[in-house]
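# Coordinate inspection notes
The residues making up each chain are set out below.
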Amino acid sequence: MRLLTHNMLSCNIKGVVNGFPLQLEVERCTVKEVAFNPDFLRNIFPKIEWKALHDAASQMGVTELPERADPSMLDSDDFLRKFHHALLELHLEEGALVCPETGRRFPVTKGIPNMLLHEDEV
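Notes on the structure in this doc start here. (Residues numbered from 1 in each chain as written. Predicted model: local features only at pLDDT ≥ 70, side-chain atom pairs only at ≥ 80, totals over all residues. Heavy atoms only, no water.)

### Digging into helix α4 (residues 77-89)
Buried within α4 are the following residues: Phe79, Leu80, Phe83, His84, Ala86, Leu87, Leu88 and Glu89. Packing partners of the buried residues in α4 comprise α1 (3-6), β1 (23-31), α2 (38-44), α3 (50-59) and β2 (90-98). (Buried < 20%, exposed > 50% of the residue type's maximum accessible area, 1.4 Å probe, protein only. Helix = DSSP H or I, 4+ residues; strand = E, 2+ residues; numbered from the N terminus. Contact = heavy atoms within 4.5 Å.)

Put into structure tokens, the structure is as follows:
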């Protein structure tokens, strides 16, 4: 699961108000090379919750991202490459996503998050 996907997911358990960002429990992560596309990064940037991306990347061992980011940084090739690496090349292969409000764990197996809710959570 890419951090792009993580940045779009939230806990949808009935009654949960603060279900984003999901915390990561990392058992195994990999890096999969992806073609660099600066235009894609510039277009997706406004949709990304930066603090969630920064924290998730840190949990996966990537510390090169700045704590804060603004659109002016999109002119820097160095920034775009770090953003690209964290957003698209880091993959959570095994672990879990954890709801920040309830502590409910959603397993990630072979890179696929299982976000199915139990009957009493719908």
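Moving on from the model shown.
### A closer look at α3
The complete set of buried residues in α3 reads Trp50, Ala52, Leu53, His54, Ala56 and Ala57. Its buried side turned inward, α3 meets α1, β1, α4 and β2. Count one or two residues on from α3 and you reach Gly61, which has phi positive near 95°.

### Things to note about the nonpolar core
Within the largest apolar cluster, 33 residues are counted, with the highest numbers of intra-cluster contacts made by Leu3, Leu24, Leu53, Phe83, Leu87 and Leu97. Listing elements by their share of this core, those giving two or more residues are α1, α2, α3, α4, β2 and β3 (105-109). Residue contacts for Leu3: discarding those within four places in its chain leaves Leu24, Leu53, Ala56, Ala57, Met60, Ala86, Leu87 and Leu90. (Core = buried A, V, L, I, M, F, W, Y, C linked by side-chain atoms within 4.5 Å.)

### What about the side chain of His54?
Structurally, His54 is set in helix α3. Given a relative accessible area of 14%, His54 falls into the buried group. In contact with His54, not counting residues within four places along its chain, are Leu65, Pro66 and Glu67.

### Things to note about the environment of Leu4
With respect to the element layout, Leu4 can be found in helix α1. If near-sequence neighbours (up to four positions away) are discounted, Leu4 is found in contact with Phe40, Ile44, Ile48, Leu87 and Leu88.

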